[in-house]
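# Coordinates in review
The residues making up each chain are set out below.
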Amino acid sequence: MLISALTSTSDLFLHLWQSVLPHYLLNTVLLAVYVVSLTLVFGVISAGLIVHTNIMGKKILRWLLILPLAMPAYIVAYLYTDLFDYAGPVQRALRSMFNWQSPQDYWFFDIRSLFGAACVISLVLFPYVYLLTRTAFEQQNQNLLRAGRLLGLSPKQNFIKLILPLARPALGISASLVLMETLADFATVQYFAVNTLTTAIYDTWLGYGDLPSANALASVLMLFIFAVVFVEQKARAAQSQQKSMINNQQQVIILSAGQQFSASCCCWFLAIAGFLLPFSLLLVMVFEYSTSAQFFSLLDSALNSLELALYVATIAVLIALVLVLFQRLSRDISKNLPIQISSFGYAIPGTVLAMAMLATFGPVDHSINDIAIYLQLPEPGLILSGTIFALAIALVTRFAAIANGAVSSGMKQIPANLDLAPASLGVNLKTSLAKVHLPLLKSSILGAWLLVFVETMKELPAVLLLRPFNFETLSTQVYQLISDEMLEQGALGAILIVLFGLFPIIWLNSSNAKTDKTTHTSSIANAFSSKKRPQRN
Amino acid sequence: MPLISLNNLSVTLQKNTILSAINLTLAAGDILGLVGPSGCGKTTLLNTIAGFIAQNQGSIQLNHFGEKRTINAEHGIPPEQRNIGMIFQDYALFPHLTVAKNICFGIAKQTNSAQKAQLNTLLKLLKLDDLADRYPHQLSGGQQQRVAIARALAPKPALLLLDEPFSNIDARLRNDLMIELRSLLKTLKITAIFVTHNKNEVFSFGDKIAVMAEGKILQTGVPAEVCQQPNCWQVADFLQLGAWLPITALSEEALSEEGLVISDFSEHRQTTVSSYHSALGPIKNTLTSPKVLSGNKLVLLVKPQHISLRSQGEKNARVEHVAITEQGYHYQLSSLETKNELAFSTLSFYSDELLSLGENISITVEPTPLLIFNQE
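All of these numbers come straight from a predicted model, not from anything done at the bench.

## Observations concerning the overall build of chain A
- Across its full length, chain A holds 24 helices and zero strands.
- Counting the 537 residues in chain A, one finds 54% classified as buried.
- Sequence-distant contacts, at least 24 apart, represent 80% of the contacts inside chain A between residues at least 6 apart.

Spelled out as structure tokens, the structure:
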């Protein structure tokens, strides 16, 4: 992709650079800044309230706050535009209530703006911050907080002076995850007509048909991502975290009844705005507009989604297994390298990845066809880039980090001596892998498979760019309907996507009790953090 | 007036009684060692005194600078207002702060110059001068401990609590550190309570000892006294004062029938048992005021130095284990009769004579003083 970008002869890129590109860049940066700040505020406040106070309804809020992760931002964007637009029920009600006649009579938050997009994206991404910060808070060494108390801090001062600074690594990782997700977002900004680098790539390729320029744009976005990853790694290397044990005797900040109420409202607002409200709006749509014809048209794309997800999950897990076993058993100095490289794919936005696949497999396809012509065989067509093949490879690359993270955290729970014990009993490596490691890894493998499966079901940008002609998945179909302002027709599909997204959340929440197999997000985070960190003692 | 006194202190967590009716007083400047098997409630007691766990019953009285404060179930004082310092087992140093900032953490409200003066004093006192700008993970275990001590001392606490302070220290350095820390606390006249499961630490570090088991304090006192006069078998057992020889009291009739020498406390004859039977023969009571003991499971505390080898006489013990030590050969013995209720299995003694494993030997036992307990 980079080569194609550098050797590009198209003057469209030059034109872009002179006209709209600076604006797109500014939009991208602003969007990233807004989303990261908002998610940090939402996530840290909710995590702090849940872990460190006696907030009302703690048990239910604890997991309700994770659910927005299952909501694709573009669906929320569509639903909220419907709700809060000039013609939407909220503004209509306000107008009739106060007797306003035109938009000049009052001010109302314009959701179809950069900031509106940032709000919508933040509402579904803040659970990353919430989850990682909550885990960090819960695993903080209680003795540190006790020491703070004995040295004269009140519980609230403790939170500001100790708890937050100690959670810095978690904040950093979650912020960078949010940043990557934001840079990768395509559908929300597209829907709100906010032009960013991702939409520019998409338009350049599908609108103008200029592959080299699209590649150039993708390279610019990639540079962004590299910068984020680099800064994140730097920041992390400068810190070292104490390994700590979980202590159930958490001391909480006791809130007064009024404080409890407003704290509770805060968390409920996030849960409602991020999940409950959009989900109920979707349900209403399903009941009002569903027909059996829609159902059958969705069935086709659902089957396509399933087929694709099946391939991708299986391939990703197999690769993860090989990489993790290599990392575990190899005595090579660079044994961590393959898994690190393969985990980097998650940072690459789907759009960029798609461009890379086209840049790689396009020429290969052409040569294959040339050879076929030379051998006087029938032309096979675009057998790599024009089929589900390129799409599957792109998604495997993108989600390898998730599979690697889940499988390798499972592997870490297997004591190192179990590698040696079979040999001491006269059993060879192959048998010991089959009889010891694989059975012990079973639940991690299943978890990894499930996570990749669901992520594939949800993935949109890469699929949009790479899908073969007439190949619709659930997400592309729902997106198409959203673009045409007809989500009502696809509400059922949207519900399906959300329900699929809920699967891993429920699974992770139930396995959360096992401390080390933390979360989806931290397994991704693990993948990024596999670089060496200074260890205490 | 004691600096701290605990009156009838009880703690129940999730329906489990962790501490029951703890009574303890500690004078200003004293160092108390709290020992007991793991899970006996030592750390809970420290956390209750510090204010991290609320008591269900009883009170804690703190007398500092003539100010008398009482903490009970109705009237608590938050930890930050108790003026109590603590050194945690894992030191709990703030990983994101330098040594200097860690030490000044508790005195942030003082003026900058006062903080600096206090910091310099402590850095010098604890030999941390060169390490002020380091982070905790850049320090060795011993250095980390010294930082933890400096940090706890900076706000000048009335009472210092130490939770297994030496457990993470290399065995070779441990003794030096204990002596160093003890003299530091004595110089600064600091009252301290420390928890350990190692009785040797109490002997080198503490002024007083309190032995705990199952949420109760069994005995408190000067370490030497507690060792000489343990008040129950659990105390003696935990402090590993010796091995147990099961015995039974002989009735007056039995005594005369068997023609044993009856002890010479004629005035106590009616009320006390003066002689016992054991697998090693009769044991004579030499106490000037024997305790009245009843029960079916009486045991006698026997230290290695109470046992001696007889060249003649009936064989009464078998060598079960031989170890070579600096004090000579160490033998572990069992009785020849193993099914008997008087059978013993853990007596041990040192000798320069080489005996072989499984050999039947003849020994005598002369316990002084006679410490008899009921193990029921």
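## Some points on the pattern of salt bridges
- A full pass over the atoms with the stated rule returns seven salt bridges over all chains.
- As a salt-bridge pair, Glu138 of chain A and Arg62 of chain A come within 2.4 Å of each other at their nearest N and O atoms. In this pair, Glu138 of chain A is assigned in helix H7 (residues 114-139) and Arg62 of chain A in helix H4 (residues 58-64), connecting sequence segments 76 residues apart.
- Take Glu138 of chain A: its relative accessible area is 22%, and that puts it in the partly exposed class.
- The salt bridge involving Glu180 of chain B is made with Lys127 of chain B; its shortest N-O contact spans 3.4 Å. With a gap of 53 residues between them, Glu180 of chain B in helix H5 (residues 171-187) and Lys127 of chain B in the loop between helix H3 (112-125) and helix H4 (141-153) connect regions that are remote in the sequence.
- Among the charged side chains, a salt-bridge network with shared partners connects Arg182, Lys186 and Asp207 of chain B.

## Comments concerning the packing of helix H3 (residues 21-52) of chain A against H7 of chain A
Residues and elements named next belong to chain A.
- Where H3 meets H7, the axes come as close as 6 Å, and the angle between the chain directions of the two elements is 40°. With respect to their mutual orientation, H3 and H7 come out oblique. In the crossing of H3 with H7, the sense of the turn from one axis to the other is right-handed.
- For the contact of H3 with H7, a count of residues per class yields 23 nonpolar, eight polar and two charged.

## A short note on the packing of aromatic side chains
All names here are of chain A.
- On inspection of all chains with the given rule, the structure shows 21 aromatic pairs over all chains.
- Ring plane angle 55° and centroid distance 5.7 Å describe the contact between Tyr78 and Tyr191, whose orientation is recorded as tilted. Of the two residues, Tyr78 is situated in helix H5 (residues 73-84) and Tyr191 in helix H11 (residues 187-191); the sequence distance between them amounts to 113 residues. We note that Tyr78, like Tyr191, is buried.

## As for the pairing of strand E5 (residues 67-72) of chain B
Residue and element names in this part refer to chain B.
- Here strand E4 (residues 57-64) runs beside E5; their pairing, made up of six bridges, is antiparallel. Residue pairing for E5: His64 is matched across the bridge by Glu67.
- Linking E4 back to E5 in an antiparallel pair, the connection comprises two residues, with Phe65 at a positive phi of about 50°.

## Things to note about the interface of chain A and chain B
- If you look at the interface, chain A gives 26 residues, while chain B gives 26 residues.
- Approximately 2300 Å² of surface area, both sides summed, lies buried where chain A meets chain B, with 59% of it carried by carbon and sulfur atoms.
- For the pair chain A and chain B, the interface holds one salt bridge.
- The salt bridge partner of Arg149 of chain A is Glu80 of chain B, with a shortest N-O separation of 2.6 Å.
- Applying the counting criterion to the chain A and chain B interface returns three residue pairs in polar contact (both at pLDDT 80 or more).
- Here the element with the most residues in the side of chain A that touches chain B is helix H8 (residues 142-150) of chain A; it accounts for seven residues.
- Each residue belonging to the side of chain A that touches chain B can be placed in one class, and the counts come to 10 nonpolar, 11 polar and five charged.

## Here we look at the environment of Ala117 of chain A
Residue and element names in this part refer to chain A.
- Residue position: Ala117 is located in helix H7.
- Residue Ala117 is classed as buried on the basis of its relative accessible area, which comes to 0%.
- When near neighbours in sequence (up to four residues on either side) are disregarded, Ala117 contacts Leu31, Ile111 and Phe192.

## Looking at the sheet that holds strand E8 (residues 191-196) of chain B
Residues and elements named next belong to chain B.
- Sheet architecture is open: six strands sit in the order E6-E7-E8-E3-E9-E10, paired in mixed fashion. Strands at the two margins of the open sheet, each flanked by one partner only, are strand E6 (84-87) and strand E10 (216-221). Taken pair by pair, the neighbouring strands of this sheet meet at an average axis angle of 20°, ignoring direction.
- Where strand E7 (residues 159-163) and E8 come together, five bridges link them in parallel fashion. Of the residues in E8, the one forming a bridge with Leu159 is Thr191.
- Packing against the sheet, helix H1 (residues 42-50) makes contact with strand E3 (31-35), E6, E7, E8 and strand E9 (208-213), and its axis sits at approximately 150° to E7.

## Examining the nonpolar core
- Judged by nonpolar contacts, the single largest core of 203 residues is most densely connected at Leu282 and Leu487 of chain A.
- Mapped onto the domain boundaries, this core takes at least three residues apiece from domain 1 (1-289) and domain 2 (291-537) of chain A.
- With near-sequence residues (within four places) excluded, Leu487 of chain A lies in contact with Ile75, Tyr78, Leu79, Leu282, Met285, Val478, Leu481, Ile482 and Ala494 of chain A.
- If you look at the next biggest cluster of nonpolar residues, it comprises 54 residues, including Leu122, Val147, Ile149 and Met178 of chain B.

## A short note on the environment of Gln340 of chain A
- Tracing the chain through its elements places Gln340 of chain A in helix H16 (residues 337-343).
- Taking the C-alpha atoms as reference points, Gln340 of chain A and Leu323 of chain A, 17 residues apart in sequence, are found 9.6 Å from one another.

## Some thoughts on a nonpolar patch on the surface
- Side chains of Phe295, Phe296, Leu299, Leu303 and Leu306 of chain A sit close together on the surface and give an oily, nonpolar patch of about 450 Å² of accessible area.
- Of note, Leu299 of chain A is situated in helix H15 (residues 292-329).

## Overview of the side chain of Ser10 of chain B
Residue and element names in this part refer to chain B.
- Inspection of the secondary structure assignment puts Ser10 in strand E1 (residues 4-13).
- Polar side-chain contacts of Ser10 include one of 3.0 Å to the backbone nitrogen of Ala21.
- For Ser10, the contacting residues outside a window of four places in its chain are Leu19, Ser20, Ala21, Gln55, Asn56 and Gln57.

## Re the sheet that holds strand E2 (residues 16-26) of chain B
Residues and elements named next belong to chain B.
- Across the sheet, which stays open at both edges, the four strands sit in the order E2-E1-E4-E5 with antiparallel pairing between neighbours. Two strands in the sheet have a free side with no partner beyond their single neighbour: E2 and E5. Within the sheet, the average angular offset between the axes of one strand and its neighbour, ignoring direction, is 20°.
- Against the sheet, H1 engages E1, E2 and E4, with an angle of about 115° to E1.

## A closer look at the packing of H5 of chain A against helix H14 (residues 257-289) of chain A
All names here are of chain A.
- Contact geometry of H5 with H14 gives a least axis separation of 10 Å together with a crossing angle of 75°. Overall, the two elements H5 and H14 adopt an arrangement that is roughly perpendicular. Side by side, H5 and H14 meet where Ile75, Val76, Tyr78, Leu79, Tyr80, Asp82 and Leu83 of the first sit next to Ile272, Ala273, Gly274, Leu277, Pro278, Leu281, Leu282 and Met285 of the second.
- Taken together, the residues of the contact of H5 with H14 break down into 13 nonpolar, one polar and one charged.

## A word on the side chain of Ser335 of chain B
All names here are of chain B.
- Along the chain, Ser335 turns up in strand E17 (residues 328-335).
- For Ser335, a relative accessible area of 2% corresponds to the buried category.
- Beyond its immediate sequence surroundings of up to four residues, Ser335 is in contact with Ala279, Asn316, Ala343 and Phe344.

Each value, and the rule that gives it
- Residues numbered from 1 in each chain as written.
- Chains lettered and ligands numbered in written order.
- Predicted model: local features only at pLDDT ≥ 70, side-chain atom pairs only at ≥ 80, totals over all residues.
- Heavy atoms only, no water.
- Helix = DSSP H or I, 4+ residues; strand = E, 2+ residues; numbered from the N terminus.
- Buried < 20%, exposed > 50% of the residue type's maximum accessible area, 1.4 Å probe, protein only.
- Contact = heavy atoms within 4.5 Å.
- Salt bridge = Lys/Arg side-chain N within 4 Å of Asp/Glu carboxyl O.
- Axes fitted to C-alpha atoms, helices over the stretch in contact; angles between N-to-C directions.
- Parallel < 35°, antiparallel > 145°, perpendicular 65-115°, else oblique.
- Left-handed = near helix turned anticlockwise from the far one by under 90°.
- Nonpolar A, V, L, I, M, F, W, Y, C, P; charged D, E, K, R; others polar.
- Phe/Tyr/Trp six-rings, centres within 6.5 Å; stacked < 30°, edge-to-face > 60°.
- Pairing = 2+ DSSP bridges.
- Buried area = accessible area lost by both parts, 1.4 Å probe.
- Polar contact = N/O pair within 3.5 Å; in protein donor to acceptor, adjacent residues only side chain to side chain.
- Core = buried A, V, L, I, M, F, W, Y, C linked by side-chain atoms within 4.5 Å.
- Domains from an automatic or database assignment.
- Patch = residues over 30% accessible without salt bridge, like charges linked within 9 Å, V, L, I, M, F, W, Y side chains within 5 Å.
- Areas by Shrake-Rupley, 256 points an atom, 1.4 Å probe, with all protein chains shown as cover.

Read these as spatial facts, not as claims about activity.
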